[in-house]
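Here's the letter readout for the chains.
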Amino acid sequence: MTNEELASLARRAAEAGAAVAAERFRSGIDVERKGEKTDLVTQADRDAQAAVIGVIREDRPRDAIVGEEDDALKAVPESGTAWIVDPIDGTHNYVRGVRTWGTAVSVVRDGEPVAAATSLPVLGDDYWTDGETTYRNGERVTVSEVSDPEAGVAAPTMWWDFTARDQYTRACRAVVDRFGDLRRIGCAQAELAGVADGSLDGVVTNIRPYPWDTVAGVAMVRAAGGTVTDLSGDRWRHDSVGLVASNGRVHEALLAAAREIDGS
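**Things to note about the packing of helix α1 (residues 3-24) against helix α2 (residues 43-59)**
Here is step 1: Viewed as axis vectors pointing N to C, α1 and α2 meet at an angle of 155 degrees, and their least axial separation amounts to 8 Å. With respect to α2, the axis of α1 lies roughly antiparallel. Like other packed secondary-structure pairs, α1 and α2 cross with a definite hand, here right-handed. On the side of α1, the interface is formed by Leu-9, Arg-12, Ala-13, Ala-16, Gly-17, Val-20, Ala-21 and Arg-24, while α2 contributes Gln-43, Ala-44, Asp-47, Ala-48, Ala-51, Val-52, Val-55, Ile-56 and Asp-59.
Here is step 2: Looking at the contact of α1 with α2, its residues break down into eleven nonpolar, two polar and four charged.

**As for the packing of helix α5 (residues 188-197) against helix α6 (residues 211-223)**
Here is step 1: Where α5 contacts α6, the two axes come as close as 8 Å, and the packing angle between them is 10 degrees. With respect to α6, the element α5 is oriented roughly parallel. Every residue of α6 that contacts α5 at Ala-188, Gln-189, Leu-192, Val-195 and Ala-196 is listed here: Trp-212, Asp-213, Thr-214, Val-215, Ala-216, Gly-217, Val-218, Met-220 and Val-221.
Here is step 2: Considered class by class, the residues forming the contact of α5 with α6 number ten nonpolar, three polar and one charged.

**Examining the nonpolar core**
One broad rule of soluble globular proteins: the nonpolar side chains tend to lie buried together.
Here is step 1: By size, the foremost hydrophobic cluster in this structure holds 32 residues, and its most contacted members are Ile-84, Val-203, Val-228 and Leu-243.
Here is step 2: Contributions of two or more residues to this core are made by β4 (81-89), β5 (102-109), β6 (112-120), β10 (153-156), α5, α6 and β14 (243-246).
Here is step 3: Per-element accounting of this core gives the leading share, seven residues, to α6.
Here is step 4: Core analysis: the second largest hydrophobic core is formed by 18 residues, Ala-13, Val-52, Val-107 and Ala-117 among them.

**Here we look at the pattern of salt bridges**
Here is step 1: Applying the stated criterion across every chain, the model contains eleven salt bridges.
Here is step 2: A salt bridge links Arg-136 to Asp-197; its shortest N-O distance comes to 2.9 Å. In this pair, Arg-136 is assigned in strand β8 (residues 134-136) and Asp-197 in helix α5, connecting sequence segments 61 residues apart.
Here is step 3: Given the relative accessible area of 32%, Arg-136 is considered partly exposed.
Here is step 4: One continuous salt-bridge network, built from bridges that share partners, spans Glu-78, Arg-237 and Asp-239.

**A few points about helix α4 (residues 165-178)**
Here is step 1: Here α4 spans 20 Å end to end across 14 residues, near enough to the 20 Å set by a 1.5 Å rise per residue.
Here is step 2: What α4 keeps buried is the set Tyr-168, Ala-171, Ala-174 and Val-175. One side of α4 carries all its buried residues, which in axial view fall inside an arc of 130 degrees. The exposed set on the far side of α4, more than 90 degrees from its buried face, consists of Thr-169 and Arg-173.
Here is step 3: In this structure, the buried side of α4 is in contact with β10, β11 (181-182), β12 (202-205) and α7 (251-261).

**Overview of the pairing of β10**
Here is step 1: Burial of the side chains of β10 extends over both faces: Val-153 and Ala-155 are buried on one face and Ala-154 and Pro-156 on the other.
Here is step 2: Pairing between β10 and β11: two bridges, direction parallel. Bridge pairing links Ala-154 to Leu-182 in β11.
Here is step 3: Handedness of the crossover is the feature at issue here: the chain leaves β10, passes through α4, returns alongside β11, and the resulting connection is right-handed.
Here is step 4: Two strands pair when backbone bridges link them, and β10 and β12 are joined in this way by three bridges, in the parallel orientation. Paired with Ala-155 across the two strands is Val-203, which belongs to β12.

Conventions used here
- Residues numbered from 1 in each chain as written.
- Predicted model: local features only at pLDDT ≥ 70, side-chain atom pairs only at ≥ 80, totals over all residues.
- Heavy atoms only, no water.
- Axes fitted to C-alpha atoms, helices over the stretch in contact; angles between N-to-C directions.
- Helix = DSSP H or I, 4+ residues; strand = E, 2+ residues; numbered from the N terminus.
- Parallel < 35°, antiparallel > 145°, perpendicular 65-115°, else oblique.
- Left-handed = near helix turned anticlockwise from the far one by under 90°.
- Contact = heavy atoms within 4.5 Å.
- Nonpolar A, V, L, I, M, F, W, Y, C, P; charged D, E, K, R; others polar.
- Core = buried A, V, L, I, M, F, W, Y, C linked by side-chain atoms within 4.5 Å.
- Buried < 20%, exposed > 50% of the residue type's maximum accessible area, 1.4 Å probe, protein only.
- Salt bridge = Lys/Arg side-chain N within 4 Å of Asp/Glu carboxyl O.
- Expected span 1.5 Å × (residues − 1).
- Arc of directions from axis to C-beta.
- Pairing = 2+ DSSP bridges.
- Right-handed = clockwise from strand over helix to strand, strands pointing away.

Take a look at the structure:
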């Protein structure tokens, strides 16, 4: 399959999962906790993941699948083709009736993303990339042209455990000290898509994020002209510690913010 064909399959899979989740949205969802008080899962997560995998398996029955729920792999293989699935990114938003959540599907070869799609059904936005260009609802998008951090908007992303609230505080402070404004959206894939389409100028965390929360959005940011690194400024990988994604023009300011989070 070409990258364009993989992107088309990722789109179909993401849309199938998002449709399942959207049917249950704001409908009295049964919620379970996987561990921490805010680490939530619903039957909609499981059913949406099953729908995504069903679409992928029709065309790619032998590819590895990495996913947040159930029996999918939890680590990205270093070789071969693999699909990475987040059936509902932003589950906390989803269960509280907040409209910003989505289904994300990406495909990697030898650990590198080559195509991805994120469907945000309640917002009416579908993003995808073939690794060369990023689209929103069929129109090409690019990162913002903001070069002055004080005119920019950045989002500290992911969730800091209650034992790391000092880091959460420093993350917010580091962004507020450097950027014109701060966003906390509660859906990492929506935040990364926002960097790709220019509605955000940067996203930052010092946490090692899960691949299902990030890989699709990282592929979109890069294809839209942005920069994504780890905390050291090296090219980000699915197993990197920290994530710093930006339009490229404010990247140094965002890196400086990222390095403050650990108190270093």
